[in-house]
Amino acid sequence: MGPWATNAYVLVCPVTSESVLIDPAGEPETLLSMLGDSTPVAILVTHAHPDHIGAVDAMRAALQVPVMAHPGSTLLKADRCLKNGDLVEVGDHTLGVYHTPGHTGDSVCYSVQGDNRVLVGDAIFEGGPGHTSSPGDFRVTLETLRGVILAWPDDTVCYPGHGASFRLGDKRVAIQAFLAKGHGDFFGDATWEM
Ligand SMILES: [Zn+2]
Ligand SMILES: [Zn+2]
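Quick caveat: nothing in here was measured; it's all calculated off a predicted structure.

Draft legend 1. Representation of the overall build of the protein chain within the structure. If you tally the helices and strands in the protein chain, you get 5 helices and 13 strands. The principal-axis extents of the C-alpha atoms in the protein chain amount to approximately 50 × 35 × 25 Å. Taken across its 194 residues, the protein chain has 49% of its residues classed as buried. Considering only contacts in the protein chain between residues 6 or more positions apart, those separated by 24 or more positions represent 53%. Counting only carbon and sulfur atoms, one obtains 54% of the accessible surface of the protein chain, whose full area is about 8700 Å².

Draft legend 2. Representation of the sheet that holds strand β12 (residues 157-160) within the structure. Across the sheet, 6 strands lie side by side as β6-β7-β8-β9-β12-β13; this open sheet has mixed pairing. Only two strands of the sheet have a single neighbouring strand rather than two, namely β6 (87-90) and β13 (166-167). As paired elements, strand β9 (residues 117-121) and β12 share 4 bridges and run parallel to each other. Bridge pairing in β12 places Val-118 opposite Cys-158.

Draft legend 3. Structural context of the sheet that holds strand β2 (residues 18-22). Ordered by their spatial adjacency, 5 strands build an open sheet running β1-β2-β3-β4-β5, and the pairing between neighbours is mixed. Edge positions in the sheet fall to β1 (9-12) and β5 (80-81), since each has one partner strand and no second. Here strand β4 (residues 67-69) pairs with β5 via 2 bridges, running parallel. Directly across from Ala-69, in β5, lies its bridge partner Cys-81. Along the sheet face, helix α3 (residues 56-63) touches β2, β3 (39-44) and β4 and points at about 150° away from the line of β3.

Draft legend 4. Geometry of the pattern of salt bridges. Using the criterion set out here, one finds 8 salt bridges in the structure. Taking the shortest distance from any N to any O, the salt bridge between Arg-146 and Glu-143 comes out at 3.0 Å. Separated by 3 residues within a single helix, Arg-146 and Glu-143 lie in helix α4 (residues 135-147), roughly one turn from each other. A salt bridge links Asp-170 to Arg-167; its shortest N-O distance comes to 2.9 Å.

Draft legend 5. The coordination of the zinc ion (ligand 1), seen in detail. Every protein donor of the zinc ion (ligand 1) is listed here as His-47 (NE2), His-49 (ND1), His-103 (NE2) and Asp-122 (OD), and their distances to the metal cover 2.1 to 2.4 Å. Angles of 91 to 166° at the metal separate the 4 donor atoms of the zinc ion (ligand 1), which places the site in the irregular class. One chain supplies every donor to the zinc ion (ligand 1), and in sequence these donors are spaced H-x1-H-x53-H-x18-D. Take His-49: its relative accessible area is 26%, and that puts it in the partly exposed class. Classification of Asp-122 by relative accessible area gives buried; the value is 5%.

Rules behind the numbers
Residues numbered from 1 in each chain as written. Chains lettered and ligands numbered in written order. Predicted model: local features only at pLDDT ≥ 70, side-chain atom pairs only at ≥ 80, totals over all residues. Heavy atoms only, no water. Helix = DSSP H or I, 4+ residues; strand = E, 2+ residues; numbered from the N terminus. Buried < 20%, exposed > 50% of the residue type's maximum accessible area, 1.4 Å probe, protein only. Contact = heavy atoms within 4.5 Å. Areas by Shrake-Rupley, 256 points an atom, 1.4 Å probe, with all protein chains shown as cover. Pairing = 2+ DSSP bridges. Axes fitted to C-alpha atoms, helices over the stretch in contact; angles between N-to-C directions. Salt bridge = Lys/Arg side-chain N within 4 Å of Asp/Glu carboxyl O. Donors = N, O, S within 2.8 Å, 3.2 Å for Na, K, Ca; no water. Tetrahedral: all angles 85-135°; square planar, octahedral: opposite > 155°, others 65-115°.

Structural data, given as structure tokens:
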């Protein structure tokens, strides 16, 4: 939704019908229809870029549930601050929080525990890592890829903030080749092939 075609996600526990909304990007009416007759318990934010939180105030007011996010952004006031390793309950299911800085300092990924799906925000896309704004941020992205994301199993399916989902194992060789190269003071939009 929105001018940057940001993906918003709803996860619903099939047993209890409790749900979470991940990245209230925009279009509150669309988000409400995605939630259907589930019972929302939280709004989760992958990072506080405007294209991911365009409807955060409208949805917080409509749903009356806490907004949860990493505290490393001044653009969003979270009701619950999340850090690496935190857990978020959704009915009979649990989401794990990974801090994955680089694209932004407050970037987090949400993994469905006991499952192979991870919501990765703009940390990683099928074609490359998320945009970076400085050489330092790019180096942090490389550390996140090495230390966090590549530690996930091959059958992990990544659901990004833009574009299609992909299987991590299908990208592992390209990511490892990308990490093996020297990128100097590069920052910006990167592809695995560069
Ligand atoms: Zn972003
Ligand atoms: Zn984005």
